Structures are given as structure tokens and as C-alpha cells.
Amino acid sequence: MSEDTLKVTRPRRVTFPWLSALAGLLLAAYLLAAADPALLKDLGLMPAGYQLHPWLQTQETKAAALLLYCLIILWEVFRHSRRLRAFDRDIERLRTEVNQVWQSKKQLQLKAHTFAGHADKLKLFISEKLLEYIEYDEKFLHFKSIAAEVRHNGVICFDKVQTALEAHLDQGGDEATRVRDQDAYTAMRYLWDLLDLSTTDNIALHIGNHLCECEEHYYQQLLSESGAQAVPHRPDYPPRRATLRALAPLLQDSPARLETLDHGNDGAVILDEDPQFRAHLNPTDALLGNENHFVLLLENLLKNAQFFARKKAKSRYNRVALTLGQQRGRVELTVYNRGPHIEPEAMEQIFQLGYSTRRAKEHHGKGLGLFFVQEIVKGYEGRIWVENVENRSAYYSLRIALASGRLTTEVIEVLLDEQGQPYCRRANSEAAGEASLEWDFEEAITRVELTPTASQNTLALEVDPKGDKETLLDPDHAAIPRWALKIQPRRKGGKLTFTPLDVAGVCFHVKLPTAASRLDGEEEDLDALAPREEELNRPFEGLEDYRGS
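Below you will find a few notes about this structure. (Residues numbered from 1 in each chain as written. Predicted model: local features only at pLDDT ≥ 70, side-chain atom pairs only at ≥ 80, totals over all residues. Heavy atoms only, no water.)

**A closer look at the pattern of salt bridges**
Argument step 1. Counted according to the given criterion, the structure contains 19 salt bridges.
Argument step 2. For the salt bridge of Asp272 with Arg278, the shortest nitrogen-to-oxygen distance reads 3.3 Å.
Argument step 3. Between Lys495 and Glu438 there is a salt bridge whose closest N-O contact spans 3.5 Å. Residue Lys495 is found in strand 16 (residues 493–500), and its partner Glu438 is found in strand 11 (residues 437–441); the two are separated by 57 residues along the sequence.
Argument step 4. Residue class for Glu438 comes out partly exposed when judged on its relative accessible area of 42%. (Salt bridge = Lys/Arg side-chain N within 4 Å of Asp/Glu carboxyl O. Helix = DSSP H or I, 4+ residues; strand = E, 2+ residues; numbered from the N terminus. Buried < 20%, exposed > 50% of the residue type's maximum accessible area, 1.4 Å probe, protein only.)

**Considering the pairing of strand 11**
Argument step 1. Only one face of strand 11 is covered, namely the one carrying Leu437, Trp439 and Phe441; the face carrying Glu438 and Asp440 has none of its residues buried.
Argument step 2. Bridge analysis of strand 11 against strand 16 gives five bridges, and the strand direction is antiparallel. By the bridge assignment, Trp439 is partnered in strand 16 with Leu496. (Pairing = 2+ DSSP bridges.)

**Quick word on the state of the cysteines**
Argument step 1. Tallied over the full model, the rule gives zero disulfides.
Argument step 2. Lacking any disulfide linkage, Cys214 is separated from the closest cysteine sulfur, that of Cys212, by 9.4 Å.
Argument step 3. Residue Cys214 is classed as buried on the basis of its relative accessible area of 0%. (Disulfide = S-S within 2.5 Å.)

**Overview of the packing of helix 9 (residues 239–247) against helix 11 (residues 291–309)**
In a packed pair of helices, the relevant descriptors are the angle between the two axes and the axis-to-axis distance.
Argument step 1. Two numbers describe how helix 9 lies on helix 11: the axes approach to 9 Å, and their chain directions differ by 50 degrees. In terms of orientation, helix 9 lies oblique with respect to helix 11. Read as a crossing pair, helix 9 and helix 11 show a hand that is right-handed. Together, Pro239, Arg241, Ala242, Thr243, Arg245, Ala246 and Leu247 of helix 9 and Glu291, Asn292, Phe294, Val295, Leu298, Glu299 and Leu302 of helix 11 make up the contact between the two elements.
Argument step 2. A breakdown of the residues in the contact of helix 9 with helix 11 according to their chemical character gives eight nonpolar, two polar and four charged. (Axes fitted to C-alpha atoms, helices over the stretch in contact; angles between N-to-C directions. Parallel < 35°, antiparallel > 145°, perpendicular 65-115°, else oblique. Left-handed = near helix turned anticlockwise from the far one by under 90°. Contact = heavy atoms within 4.5 Å. Nonpolar A, V, L, I, M, F, W, Y, C, P; charged D, E, K, R; others polar.)

**Section: the sheet that holds strand 11**
Argument step 1. Spatially, four strands are ordered 11-16-15-14 in an open sheet, and the strand pairing comes out antiparallel. Strands at the two margins of the open sheet, each flanked by one partner only, are strand 11 and strand 14 (470–473). Pairwise comparison of adjacent strand axes, ignoring direction, gives a mean angle of 15 degrees for this sheet.

**A look at the side chain of Asp474**
Argument step 1. Its location among the elements puts Asp474 in the loop between strand 14 and strand 15 (483–490).
Argument step 2. It turns out Asp474 is buried and unbridged, and the closest side chain with the opposite charge, Arg482, is 5.4 Å from it.
Argument step 3. A polar side-chain atom of Asp474 sits 2.7 Å from a polar atom in the side chain of His477.
Argument step 4. If we ignore the near neighbours within four places in the chain, the residues touching Asp474 are Pro481, Arg482 and Trp483. (Lys, Arg positive; Asp, Glu negative; His and termini not counted. Polar contact = N/O pair within 3.5 Å; in protein donor to acceptor, adjacent residues only side chain to side chain.)

**Quick notes on the packing of helix 8 (residues 203–223) against helix 12 (residues 369–379)**
Argument step 1. Direction vectors running N to C along helix 8 and helix 12 enclose 35 degrees, while the axes themselves pass 7 Å from each other. In this structure, the crossing between helix 8 and helix 12 has a hand that is right-handed. Residue-level contacts link Ile203, Ala204, Ile207, Gly208 and Leu211 of helix 8 to Phe371, Phe372, Glu375, Ile376, Lys378 and Gly379 of helix 12.
Argument step 2. Partitioned by chemical class, the residues of the contact of helix 8 with helix 12 number seven nonpolar, two polar and two charged.

**Comments concerning the sheet that holds strand 6 (residues 330–337)**
Argument step 1. If you walk across this open sheet you meet the six strands as 2-3-5-6-17-7, and the pairing is mixed. Two strands in the sheet have a free side with no partner beyond their single neighbour: strand 2 (269–271) and strand 7 (383–389). In this sheet, adjacent strand axes meet at a mean angle of 15 degrees when their direction is disregarded.
Argument step 2. Alignment of strand 5 (residues 320–327) against strand 6, held across seven bridges, turns out to be antiparallel. By the bridge assignment for strand 6, Gln327 is matched with Arg330.
Argument step 3. Packing against the sheet, helix 11 makes contact with strand 3 (277–281), strand 5, strand 6 and strand 17 (505–513), and its axis sits at approximately 20 degrees to strand 6.
Argument step 4. Together, strand 7 and strand 17 form the strand contacts of helix 12, whose direction differs from that of strand 7 by roughly 130 degrees.

**Digging into the packing of aromatic side chains**
Argument step 1. Summed over the entire model, instances satisfying the criterion amount to six aromatic pairs.
Argument step 2. Feature note: the residues Tyr396, Trp483 and Phe498 constitute an aromatic cluster, connected by ring pairs.
Argument step 3. Against the face of Trp385 rests Arg383, its NZ or CZ located 4.0 Å from the ring centre. (Phe/Tyr/Trp six-rings, centres within 6.5 Å; stacked < 30°, edge-to-face > 60°. Lys NZ or Arg CZ within 6 Å of the ring centre and 35° of its normal.)

**Considering helix 12**
Argument step 1. Counting buried residues along helix 12, nine of its eleven residues qualify, which places the element largely inside the surrounding structure.
Argument step 2. Among the residues making up helix 12, those that are buried are Leu370, Phe371, Phe372, Val373, Gln374, Glu375, Ile376, Val377 and Gly379.
Argument step 3. Along its buried surface, helix 12 packs onto helix 8, helix 11, strand 7 and strand 17.
Argument step 4. Glu381 occupies a position one or two residues after helix 12 and carries a positive phi of about 60 degrees.

**What to know about the layout of surface pockets**
Argument step 1. Of the pockets and cavities examined, the largest pocket occupies roughly 1,500 Å³.
Argument step 2. Around the largest pocket, the lining is made up of 37 residues, and of these Gln182, Thr186, Arg241, Arg245 and Glu291 lie nearest the centre.
Argument step 3. At the level of secondary structure, the elements contributing two or more residues to the lining of the largest pocket comprise helix 7 (175–199), helix 8, strand 1 (236–237), helix 9, helix 10 (255–262) and helix 11.
Argument step 4. Here the element with the most residues in the lining of the largest pocket is helix 7; it accounts for twelve residues.
Argument step 5. In the lining of the largest pocket, the residues fall into 14 nonpolar, ten polar and 13 charged. (1 Å grid on protein atoms, 1.4 Å probe; cavity = no way out; pocket = protein on both sides within 12 Å on 5 of 7 lines; lining within 4 Å. Points joined across faces, edges and corners; volume = space filled by probe spheres on them.)

**Re empty space enclosed by the protein**
Argument step 1. Evaluated as defined, the whole model comprises one cavity of 30 Å³ or more.
Argument step 2. The calculated volume of the largest cavity comes to roughly 50 Å³.
Argument step 3. Lining the largest cavity are Arg278, Tyr317, Asn318, Tyr336, Arg338, Ala479, Ile480, Pro481, Leu501, Asp502 and Val503.
Argument step 4. Within the lining of the largest cavity, the residues separate by chemical class into seven nonpolar, one polar and three charged.

Shown next as C-alpha cells:
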């Protein structure tokens, strides 16, 4: 164990009260000198002819000296009690660490005993997995052959249905019929694209070839004057429209209203009323390719998130969060859910064909969804990765203004328990933490300000004493709020409740280059180089050694 570790783990010492002892000796000497100066002269402690100042021999001075000594004694007692409490805490911490060491030793012994026959168990596990993957490969090949046969024999049927729907759409009719026929036509096109992807040998290469074709048509549109030169099909599409298409079957909102929100809206589309999903969709540049491929990508991510969201306790805050935006010529898509954390070694495996984290008996995962997602991202020459979202401890400053003009300031500390769940308490308080903190006032609340000490971004709200209840969520993390502040105005007073939210989960990130960025030929996304930073810097490590020598 190192010296620094010993300094940290060693209990703090309880020192002797030197100050009070020295003060007692000085007080005794002073009182002796003031009471009998002749005795000190006889003992040789005071020179002959020296007289104490009359002020030092007064009763007031003696009482002041005694009072000062009593204050020193009280301060020493308070200081000594604090050190004793700190010493007791250190001893308790050391006992806890010793118990943890013993528990870990017992666990190691238990593991050693449990895996004593690990060789035979490993052989059995490998044999079972080989049989499972062989069976899976046979099923997958069978599935591909069926899909190819369906696609081959379904071309004529598809053309007939598509021609009939197009003719019916051209005839017009009432609005409800037209919307129904348009939805049917869109669904048919989506089904055709799914069959097309299911029968290709390489999904990424298939999508990449389609993007090259769309890129050529996109250039033709830009170069032709006023779009006079017609192209076989539209080569680009708005990602937000495709996102709303993927969300429509999962939301309680009507598809017609979602289309209205997107049409002609240059601002953000915020969907916050659904009990399962929260979406914040910003306008972005267009993407090249087939819109149905993007819809398939997002549907797989959303259904994967929805599966794990159902396993959590229902709450208005435990929702799947979807955000869409753009940065440096790339469309950024994030899907967050409250699923279990993914181990670092499994973060790459989850995108492999046949790998699935859904091993529950009620749901047998096939390992196809995330594989399709990664292949589509590869075809777009984009990037996809997953990160675990952790709960974090934090401090918040809460300032409350009342109707009388009185201001109340509270500092809130958010901590994590052994399971990583957040709880809160008033800062510098030794009281046990709680799931939430409440403040009741007999006066009306007129203004509330909440400031995270980490960001210093103050959230201020004017409160109407006659208004309704209101809940504020963390504005610094709109998609994944880390706290909720509930305000309940009353006739004669008000109530505030601060609750730290459990945000532990998983977040999938997708970046796709826009049509404009492909046209401009922008450089590779620097974020994509982040995992390779150590590898790229390795050839230059010798230069640092040479510089230091």
C-alpha cells in the first residue's frame, strides 16, 4: 500500500488540548502574582522593586481573565468533540472497508469453488452455442430464400396493386378516401423496399449504390436551370418527415396532425404529450437516398427502446427520448431509453448478425434489428455508436421569493446510493437523504430560480399565486431531464417539491452526412476519429521521449 493511500485511509488523530492547558498555567500564574506579589519576590520570580500595574489587580480584570479562560475551555471542548466524531467516522469507514475486503475475499473463494470445473462447463457452453448458431444460420438462409421467392413472384402482383392505387388517387374523391389510398400506396412502397433489402446479399453495398444514383440525380437538379431537367425520382428527402413517419404508428397522436406540424415549420417540433415517447425534432438539411431506409433504421431503434421501456416502472419521466438535429453537415439522431447498461465488450457485438440482448423467455430476440440499422448506416457512410447514460451527483441553488418580499435560498445536494439511484438532501446537512425535498410556505410564492452549480444557467419562473400546478424540467437536458421541480400555488401560501430523476439507461447516436455535405466534399467527421486517436498518436510517442531527453 502506497504512502498516499495510507494518508487517506489513516484515521485523523485526536490531539491533546495544549491551548487550554497553557492558558490554565498562565491564568494560575497571573492570579498568584495578583494575590501575593511578595511570595513571588521571595521565590525570585519577580525582581525586587517591581510592582504590578494597579489595573491588573482589579476584580474586573481577574473576572475577564476567568471568562476568557472559560471561553477557551468551551472552544476546546467543541473542537475536541468534532475531532472525536471525525475519528469515529474514520473508524467506521475503516471497519466498512475491512468488511468489504472480507466480503470480496469470500466472493473470490465462492467463485473459485463455483468455477472449479470451468473447463467442462466451457466445452458444454461452446457446443450449445455452435448448435444454436448453426440452427440460426439455417433459419436465416431459409428466410432469405423465401423472401427472394416472394419478391421474384410478387413483382407482377405489386405492379398491379400499385397501378390500381395510382389510378384511384388520380380520380380524386373525398379527403378521407384520398388519405386512406395515399397511406396504402406509401405502405406498399415501404413493403417493396423491405423485401428489396431482405433479398440483397450486402445491405450496405445495396444502399451505397442507390446513394450514388441519387447523388447523380441530385447534381442534375442543382445544375439544371429552374429544375427543367426531370429526374426519374426525387433523390433526397427531409429527415424530419421520415422521423414523423416512423413515430406515427407508435404515438397516440394522429398522423394527419403530425404532418401538419412538419409542413412549413421552420422551428423545432416538440412532442411531449405521449406517455411513452418524448421527441424534439429540429429542421435539418435533406438526406440523399430512399426515405424508407431511414424509416426502417429509426423503427428498429424505437422498437428496441420501447421493449426495454416497458420493463421499467411507469412514470411520466421514464419515456423514450428522440432528438433530431444537425451539426457540421451531418444529421444527428439520438434515441434514449431506460434499458440496462451495455457492457463495454458488448457495445460492438450488439450490431452483429444474430446477437441479441433479449434473452427473456417471453421474447426471443433474433438479432436482426440492430444489424439492419448498422448496415443502413454503413450504406450512408455514417456512424453509429451507443453509450451508457449514468446518474450523476450535483448541487443546485434554489432561490424562492415570497409575496412579502422575503427571499429564501436553499442549496440542494443530489447523491447516489449503492445501486446508483439518485436521492437528495439539503447541503451541509447530516440528515438522511430523501427521494424528494419539499418546502411549504404560509405566504404566496411569486418567483422561483433554480441554478445548477455546474453550468450556472439559471432557470427563473414568475409564479401566479392564483395559477395552476406547474412542473419544470431540467432545461439543460431537455431530452433526458435530470430533475423536476413541482410548484403548487395556494390561496394562502405555496408548496415546492424538488425531485432528482433516475436517468440511467442507454443512448444510441447516429450521424449521417447530408446531401449538401456530400456535394461540398467535406472532410471526414472528426468525431469518427475519436476511437482511433490512440492508434493515430502511437507513431509519435517516440518524439515526446526525444523532446524530454
